[in-house]
Structures are given as C-alpha cells and as structure tokens.
Amino acid sequence: GSIPSEIGNLTNLTHLYLSSNELTGEIPPEIGNLTNLMDLSLGYNQLTGDIPSEIGYLTNLTGLYLYNNQLTGEIPPEIGNLTNLNHLNLGENQLTGEIPLEIGNLTDLMDLNLSSNQLTGEIPLEIGNLNNLGTLLLNDNHLTGSIPPEIGNLYMLDELNLSNNQLTGEIPSEMGNDASMLHWMNLSSNELTGEIPPEIGNLYYLDDLNLSNNQLTGSIPSEIGNLTNLT
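My aim in this report is to walk through the structure given alongside it, one point at a time. Nothing here was measured: the structure is a model prediction, and the numbers come from that model. (Residues numbered from 1 in each chain as written. Predicted model: local features only at pLDDT ≥ 70, side-chain atom pairs only at ≥ 80, totals over all residues. Heavy atoms only, no water.)

Moving on, we come to the overall build of the chain. Per the secondary structure count, the chain includes 0 helices and 9 strands. Each helix (α) and strand (β) of the chain, taken in turn from the N terminus, gives the series β-β-β-β-β-β-β-β-β. Since a compact globule built from 231 residues should have a radius of gyration of about 17 Å, the 19 Å found for the chain is in line with a globular shape. Along the first, second and third principal axes, the C-alpha set of the chain runs to 60 × 30 × 25 Å. Relative to its full complement of 231 residues, the chain shows a buried share of 48%. In the chain, the proportion of contacts linking residues at least 24 apart, taken out of those at least 6 apart, comes to 49%. About 10,000 Å² of surface is accessible on the chain, with carbon and sulfur atoms providing 43% of the total. (Helix = DSSP H or I, 4+ residues; strand = E, 2+ residues; numbered from the N terminus. Rg over C-alpha atoms; globule rule 2.2 N^0.38 Å. Buried < 20%, exposed > 50% of the residue type's maximum accessible area, 1.4 Å probe, protein only. Contact = heavy atoms within 4.5 Å. Areas by Shrake-Rupley, 256 points an atom, 1.4 Å probe, with all protein chains shown as cover.)

Below, the structure is given as structure tokens:
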C-alpha cells in the first residue's frame, strides 16, 4: 500500500525507516511537516511520482535515502535547503532533468549518489563546494559536457564514478591533485578525448582506475608507474 498522508501528523519523529518493503504510490507532501526528522529512509520500495518539494522543509535531516524506487520528475532545488545532510542517495530511480545547482549548498555532505537515473545536462561546478564529500556516484545517466575541474578540489573524495554518461572533453589535470585521498576512479564509457594527464600519477592512494571505452589518444603517461597501490 501507500504511505498515508496522516504520517505528517507525527511531528516529533526524528527517524523514519520504511525501506525494503513493497510500498507504492507517491511520497506524500505532508512528510514536509516532520521538521524534527534526522533520517528518512524509503529505499527499496516501488514508490512513484515526483520527489515532493516539501522535503526542503526537513532542515534537520542528516540522511535522505530514496534509492531503488520508481521516482520520476526532476530533483527539486529545495533539496539545497538541507544543509545538515551527510548522506543523500537518490540512485536507481527514473529521475530526469539537470542536477540542481543548489546541491552545492550541502557542504556537510559525505556521500552523494545520483546514479542509475535519466539525468541530463552538465555536472554543476558547484559540486566542487562539497569539501567533505567521500563518495560521488553520478554513473549511468545521460550527463553531457566536460568534467568540471572543481572536482579536483574534493580532497576527501574516496570513490568517484562518472561512468556510462556522455561526457566530453579532456580529463582535467586538476583530477590529479596530490592532496587527494581517491582510491577508486571510474570515468569509463564516456566520450572523453585528449591525453591522459600525467598528474594522474599523483593519486598515490588509487587502487582502481578505469578509463576504458573513451576516445583518449596519445601515450600512457609513465607517471602511472607511481600508482603503486593499483590493483
């Protein structure tokens, strides 16, 4: 069955876990009344419809998990109001439109998963504001444009997956920032061109690198030999 709208009356709730059920229907907009919520987990259901913009009222949220549903429509820009978020997982839905610029407001975010949707447009430069980000998963969408060099500013980033999009242009040299904590980088199955930047050799912690199925040219830089942790 569906999530009843009356759930919006439970204004003292701090944690709501309804994941891994067979819930259907839309997320009721009344969920925006639960302003004390710190965790909202609705993943692994069969929910449909848009993400209600009223979610932007839940400014105490530290975790928002809507993954593995059948949600459609655009990511509401009001999500940028959730400045206490540490974890945002909207992966494996049918979301469309562009990644909202307001996502750059979520500077406490440690995990961002928008993978396996139908998102279009460019990766917003504002993602470079997310200095605490450890995981960035944008794979399996229809993203276009170039990889913003600002991603190279994300020193805490451990896992980066931009694979299976339509990204073009060169791999920015900034991706090889020698302060990076990156362990896992997958840029495969895009339309990237140009040479592999030698700065990749600065990613000392890297143990998994996938640049396959692109249109890269030139020689493989000898600096890749510095990546002694590659497996």
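Resuming the write-up.
Turning our attention to the sheet that holds strand E2 (residues 39-41). Spatial ordering of the open sheet is given by E1-E2-E3-E4-E5-E6-E7-E8-E9, a layout of 9 strands whose pairing is parallel. Where the open sheet ends on each side, the last strands, each with one partner, are strand E1 (15-17) and strand E9 (208-210). The average undirected angle you get between the axes of adjacent strands in this sheet is 10 degrees. (Pairing = 2+ DSSP bridges. Axes fitted to C-alpha atoms, helices over the stretch in contact; angles between N-to-C directions.)

Next up on the list: empty space enclosed by the protein. This model, assessed by the stated rule, comprises 1 cavity of 30 Å³ or more. Here the largest cavity defines a volume of roughly 70 Å³. Lining of the largest cavity is provided by Ile-151, Gly-152, Leu-154, Leu-157, Leu-160, Met-175, Ser-180, Leu-182 and Met-185. Looking at the lining of the largest cavity residue by residue, the classes come out as 7 nonpolar, 2 polar and no charged. (1 Å grid on protein atoms, 1.4 Å probe; cavity = no way out; pocket = protein on both sides within 12 Å on 5 of 7 lines; lining within 4 Å. Points joined across faces, edges and corners; volume = space filled by probe spheres on them. Nonpolar A, V, L, I, M, F, W, Y, C, P; charged D, E, K, R; others polar.)

A general feature of soluble globular proteins is that nonpolar side chains tend to end up buried together. If you look at the biggest cluster of nonpolar residues, it comprises 58 residues, and the most contacted ones within it are Leu-40, Leu-64, Leu-88, Leu-112, Ile-127, Ile-151 and Leu-160. Excluding residues within four positions of it along the chain, Ile-151 makes contact with Ile-127, Leu-136, Leu-157, Leu-160, Leu-162 and Met-175. (Core = buried A, V, L, I, M, F, W, Y, C linked by side-chain atoms within 4.5 Å.)

Considering the arrangement of structural elements, one finds Leu-88 in strand E4 (residues 87-89). Here Leu-88 falls in the buried class, since its relative accessible area comes to 2%. Along the primary structure Leu-88 and Leu-106 are separated by 18 residues, whereas in three dimensions their C-alpha atoms are 9.7 Å apart. Non-local contacts of Leu-88, meaning those with residues more than four positions away in its chain, are made with Leu-64, Ile-79, Ile-103, Leu-106, Leu-109, Asp-111, Leu-112 and Asn-113.

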